[in-house]
Amino acid sequence: MSSPESSEYDGTEAAPHGKARSTEWPLWEVFIRGQHGLSHRHVGSLHAADAEMAIKNARDVYTRRNEGVSIWAVEASAIAASSPEEKGALYEPANDKVYRHPTFFDIPDEVGAM
Amino acid sequence: MYAQMIKSTGKGIKSLDEMEPEERAFQERIDAGGKIEPKDWMPDGYRKNLIRQIGQHAHSEIVGQLPEGNWITRAPTLERKAILLAKVQDEAGHGLYLYCAAETLGVTRDQMTRDLLSGKMKYSSIFNYPTLTWADMGAVGWLVDGAAIMNQVPLQRTSYGPYARAMVRICKEESFHQRQGFDIMMKMANGTKAQRKMAQDALNRFWFPALMMFGPSDKDSVHSAQSMAWKIKMNTNDELRQKFVDETVPQAEYLGLTIPDETLKFNEDTGHYDFAEPDWEEFFQVLKGNGPCNTERLAARNKAWDEGRWVREGLLAHAEKKRSRKMAAE
């Protein structure tokens, strides 16, 4: 089909892509420090062949508007993560340890701020 | 929208009583405004629907670079060129955020790319229209990005965490896109007679395709109910289309341009504009692959993928070589 936009490419059929590439670039998770004094925060992920490229790509994808002063890129396969099924075992024990919060203790008013 | 005609895999909506305990807990979490995260249990249909929807949205961002990329080298000033370049780069970024969100559902980037290139996965119908003049850059930013914003703002509250977070990032940047488009339209509409004519012509050509972006009328939209129950679709097609028309008509009046719809009229009773439906036959033809630029768009993506192959493979080989040398040295 002809198109109103000019194009040098005259291929009219989609090329076959069945086995175009069997390996993708690894997935990296990206962490950005928004400003000095804050910790790095997860912002998303991207694909890159190596660490150097991961940092460069992270710069282009996640900090186009001065969103950061520092980037960490970590290969996603190197991250250990808890699973949702472990939620109870991991976090419920904290529920009955209310004494870990300062508000557990009543300090008389006359003592002043503490 | 950027994701149109997403087929739902469910067989109608189940009531909570009909659901297995797992699914009921899942639906109740969504009903309560909770977020679903990648490792959480989810119904197969939810996962599949989201892959289609987010994937189609991502492809739209990527293919959407083509009609605008068409004008980068022909922008009227260096400043306009720099701005358009930044905008097109944002679209690439939006595509990447969305691909990442889809990947958390278990599909690979390569699979999605292959499905785009083979025509199995779709992208928004709007990008199959040509950009013939510089005024089209104004109309695309103003109308196309404007329509996209209508859909994307509510999607920031969608139930799937990674999708919602990608939307938050995208919405922050999208407002720049719409305003730069309107800025071009203002310049053209207040320019010479020829410029004003170009602006009007761009509006004439993009008005109905922009209305089509929201998808078919609710009465013909068979997949909406399940998606809305899952909160992966937040408003109906007609709701969003009406909102878009209501906001855009006064903007066109400000520009002194005429919306190409003789039936357009403010309805005092409803408080909304009455307007003509786009030609749905044209919409279905464009989705089927018979729009003015479908072939060219897919050819451009295929060309980029094929010609970039040696770069992708070369960089991977280089990274492996560096890794093995480093290991040998240790």
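Counting of residues starts from 1 at the beginning of each chain's written sequence and follows it residue by residue. For this description, chains carry letters from A and ligands carry numbers from 1, given in the order in which they are written. For this predicted model, a pLDDT threshold of at least 70 governs which residues receive local features, and a threshold of 80 or more governs which side-chain atom pairs are given and counted, while totals over whole chains, interfaces and linings are taken from all residues. Only hydrogens and water are set aside when side-chain values are computed; all heavy atoms of the structure are taken into account.

A. Here's a closer look at the interface of chain B and chain A. Chain B puts 45 residues into the contact, and the matching count from chain A is 41 residues. Here the quantity called buried area is the total loss of accessible area, with a 1.4 Å probe, experienced by two parts when brought into contact, counted for both. Regarding the contact of chain B and chain A, the summed buried area is about 3500 Å², with carbon and sulfur atoms giving 51% of it. Considering only the surface of chain B that becomes buried against chain A, Lys39, Glu296 and Leu316 of chain B emerge as the three largest contributors, covering 16% of it. A side-chain nitrogen of Lys or Arg and a carboxyl oxygen of Asp or Glu constitute a salt bridge if their distance falls within 4 Å. Inspection of the region where chain B meets chain A yields 6 salt bridges. Salt-bridge contacts for Arg65 of chain A lead to Glu173 of chain B; the nearest nitrogen and oxygen are separated by 3.3 Å. For the purposes of these results, a polar contact is taken to be a pair of N or O atoms within 3.5 Å, where, inside protein, one atom must be able to donate a hydrogen and its partner to accept one; residues adjacent in sequence count only when each atom of the pair is a side-chain atom. Scanning the region where chain B abuts chain A turns up 13 residue pairs in polar contact (both at pLDDT 80 or more). Among the elements of the structure, helix H4 (78-103), helix H5 (109-117), helix H7 (161-189), helix H11 (280-290), helix H12 (294-307) and helix H13 (309-329) of chain B are those that each provide at least two residues to the side of chain B that touches chain A. For the side of chain B that touches chain A, the leading source of residues is H13 of chain B, giving 9 residues. Nonpolar residues are Ala, Val, Leu, Ile, Met, Phe, Trp, Tyr, Cys and Pro. Charged residues are Asp, Glu, Lys and Arg, and all others, Gly as well, are polar. Classifying every residue of the side of chain B that touches chain A gives 17 nonpolar, 10 polar and 18 charged. For this analysis, residues touch if any pair of their heavy atoms sits within 4.5 Å. Put simply, DSSP H or I for four residues or longer makes a helix, DSSP E for two residues or longer makes a strand, and each gets a number counted from the N terminus.

B. Just the pairing of strand E1 (residues 27-33) of chain A, in detail. All names here are of chain A. A 1.4 Å probe rolled over the protein chains alone gives each residue an accessible area, and that area as a share of the maximum for its type sets the label: buried under 20%, exposed over 50%, partly exposed in between. With 5 of 7 residues buried, E1 lies mostly within the body of the structure. Sheet topology places E1 next to strand E2 (residues 40-47); 7 bridges connect them, and they run antiparallel. Paired with Ile32 across the strands is Arg41, a residue of E2. Paired strands are those between which DSSP finds at least two bridges. Where E1 folds back onto E2 in an antiparallel hairpin, the turn is made up of 6 residues, including Gly37, whose phi is positive at roughly 100°. Looking at chain direction, E1 and strand E3 (residues 70-75) are connected through 6 bridges and run antiparallel.

C. Structural context of the pattern of salt bridges. The full count for this structure, using the stated rule, is 25 salt bridges over all chains. A salt bridge links Asp50 of chain A to Lys322 of chain B; the shortest N-O distance between them is 3.1 Å. Of the two residues, Asp50 of chain A sits in the loop between E2 and helix H1 (51-62) while Lys322 of chain B sits in helix H13, which places them in two different chains. Of the charged contacts, one joins Glu68 of chain B and Lys87 of chain B as a salt bridge, the two residues approaching to 2.7 Å between their closest N and O atoms. You can see Glu68 of chain B sitting in helix H3 (residues 65-69) and its partner Lys87 of chain B sitting in helix H4, a full 19 residues away along the chain. Judged by its relative accessible area of 2%, Glu68 of chain B is buried. Residue class for Lys87 of chain B comes out buried when judged on its relative accessible area of 0%. Look at the salt bridges and you will find they share partners, linking Asp50, Glu52 and Lys56 of chain A together with Lys322 of chain B into a network.

D. Region of the structure containing the side chain of His57 of chain B. Residue and element names in this part refer to chain B. Note that His57 resides in helix H2 (residues 44-63). According to the relative accessible area criterion, His57 is buried, its value standing at 1%. Contact partners of His57, with chain neighbours within four places excluded, come to Tyr2, Leu98, Gln152, Tyr163 and Met167.

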